[in-house]
Amino acid sequence: ILSLIDGMEQYAKDQISSTTSLNRISVNSDPFIHKDGMSIRKDSVSILKFSNYEKLRSGMTYPAFSFLVHRQPKEISLKGDSAKIASYVTGIVGLRPDSLIAGRDFTSEDLSKKTAVAIATESLAKAIVKNDKVQEVVGKEIQAGNRKLTIVGVINVKYSQGPELFFPFTLLDEAELKTTLPVLLVESENIENVSKLKGEIETTLTKEFGAKHDFKITTNEFRVKQAEQGFFIFRVIMGLIVGISVVVGGIGVMNVLLISVTERTTEIGIRKAVGANRRDIILLFLSESITVSAFGSLIGLIFGTLFTMAAIPIVKALTKAPFQAAYTLNTFLIIGILAVIVGIIFGTYPAVRASRLDPVDAIRHE
């Protein structure tokens, strides 16, 4: 049950994260002063630059992917071709390398030397070459506004809003940054770390721009808390089901030991007659109780693992979901510790009852 709980929770988190971007944090420059229900434009506003991005990224201690974007809709065309293609033209730092289809990704040298290169999305590459052979676009020179760029790669990214051409963020000049304010997007690997990452970003921005900086940090924190509360309630309910199973198993262990005490009453009497004290009798039956519960847990663990292996294909077939049971070291440790605790708790009463038997009456018992 614990393995299924962990697997279901991880699957739920992955689904929620992928569909609602609960794990995303956005940092925007706010060019307005909000006062008395009115928004007044500021004379100047703080802008995120490449150097700020590097400091923000280095200040994040939790696993996350971040990228700085400056997106504008423009018409682009190939060199020597009068046909125009409507596309987003985006200066960026932090493209995902695993989304590469053809060519290469940006390098640190492209950013530092401000190389005039670009990477096209798959949809833009198909529009340029007018077929599905997107690799043919690599090496072509393209005009994007007043900027000439050479396409070096093709990617397929989930956050692209359509045909899009990416180029190194460092090519942008001060005027372009002021015209369209760049945005920092951070995607946490774990939903639970969103609030912590937000605090780290706030700390770095304060160091860079002062306490009264112009940046607005936006998250789906309310929905994150709702998701975390839902996961907590789910674990509590499933934990209660596991708890009921544990109590039933403990009662079974206690009944076995009570029967053992009854059947071995004469033996207990003889042991006490030859010098065994109450502590010795208690330890004897507690050790037996722990052994019974531990052995039972081992058998249950083996059959439980086999059951989950058989159940997962059925769940996948019924739900069409890529669901897996999670077998973790913590799960096995919890089961082992729980077995010992059950043995001690439910073995105490039979052990104490055995230790209180009178030696004379116990020996005469039939």
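The following paragraphs examine the structure supplied in this document. (Residues numbered from 1 in each chain as written. Predicted model: local features only at pLDDT ≥ 70, side-chain atom pairs only at ≥ 80, totals over all residues. Heavy atoms only, no water.)

Bridge count for strand E2 (residues 32–35) against strand E3 (residues 38–41) is 4 bridges, and the pairing is antiparallel. If you follow Lys35 over to E3, its bridge partner there is Met38. In this antiparallel pair of consecutive strands, E2 and E3, the connection spans 2 residues, and Asp36 shows a positive phi of 55 degrees. (Pairing = 2+ DSSP bridges. Helix = DSSP H or I, 4+ residues; strand = E, 2+ residues; numbered from the N terminus.)

As a further point, take the environment of Val45. Tracing the chain through its elements places Val45 in the loop between E3 and helix H2 (50–58). The exposure class assigned to Val45 is partly exposed, which follows from its relative accessible area of 26%. In sequence terms Val45 and Asp214 are 169 residues apart; their C-alpha atoms lie 6.3 Å from each other. Ignoring sequence-local partners within four residues, the contact set of Val45 consists of Ser29, Asp30, Pro31, Leu181 and Asp214. (Buried < 20%, exposed > 50% of the residue type's maximum accessible area, 1.4 Å probe, protein only. Contact = heavy atoms within 4.5 Å.)

Direction vectors running N to C along helix H9 (residues 278–319) and helix H10 (residues 329–355) enclose 145 degrees, while the axes themselves pass 7 Å from each other. Helix-helix and strand crossings are classified by hand; for H9 and H10 the assignment is right-handed. (Axes fitted to C-alpha atoms, helices over the stretch in contact; angles between N-to-C directions. Left-handed = near helix turned anticlockwise from the far one by under 90°.)

Attention now goes to the layout of surface pockets. The calculated volume of the second largest pocket comes to roughly 220 Å³. Around the second largest pocket, the lining comprises 14 residues; the ones closest to its centre are Arg57, Val93, Gly94, Phe106 and Leu111. The element contributing the most residues to the lining of the second largest pocket is H2, with 4 residues. For the lining of the second largest pocket, the residue count by class is 8 nonpolar, 3 polar and 3 charged. (1 Å grid on protein atoms, 1.4 Å probe; cavity = no way out; pocket = protein on both sides within 12 Å on 5 of 7 lines; lining within 4 Å. Points joined across faces, edges and corners; volume = space filled by probe spheres on them. Nonpolar A, V, L, I, M, F, W, Y, C, P; charged D, E, K, R; others polar.)

The subject of this paragraph is empty space enclosed by the protein. If you walk through the whole model with that rule in mind, you get 1 cavity of 30 Å³ or more. A volume near 40 Å³ is recorded for the largest cavity. Lining the largest cavity are Ser77, Leu78, Asp81, Ala83, Ile85, Ile128 and Lys130. Of the residues belonging to the lining of the largest cavity, the class tally is 4 nonpolar, 1 polar and 2 charged.

Turning our attention to unusual backbone geometry. Its identity as a non-glycine residue notwithstanding, Lys114 has a phi of 55 degrees, on the positive side. Along the chain, the position of Lys114 falls in the loop between helix H3 (108–112) and strand E7 (117–121). With relative accessibility at 52%, the residue Lys114 sits in the exposed group. Not every positive phi belongs to a glycine, and Lys130 is a case in point at roughly 60 degrees. Mapped onto the elements of the fold, Lys130 is located in the loop between helix H4 (122–129) and strand E8 (141–144).

This brings us to the packing of H2 against helix H6 (residues 194–209). Direction vectors running N to C along H2 and H6 enclose 140 degrees, while the axes themselves pass 9 Å from each other. Between H2 and H6, the crossing angle belongs to the class labelled oblique. Remark: the crossing between H2 and H6 carries right-handed chirality. For the pair H2 and H6, contact is made by Asn52, Lys55 and Leu56 and by Ile201, Thr204, Leu205, Glu208 and Phe209, respectively. (Parallel < 35°, antiparallel > 145°, perpendicular 65-115°, else oblique.)

All chains considered together, the criterion is met by 2 aromatic pairs. Relative to Phe67, the ring of Phe65 has its centre 5.4 Å away and its plane inclined at 40 degrees; by these criteria the two rings are tilted. Exposure class is identical for Phe65 and Phe67. Each is buried. It is Arg71 that lies over the ring of Tyr88; its NZ or CZ is 5.8 Å from the centre. (Phe/Tyr/Trp six-rings, centres within 6.5 Å; stacked < 30°, edge-to-face > 60°. Lys NZ or Arg CZ within 6 Å of the ring centre and 35° of its normal.)

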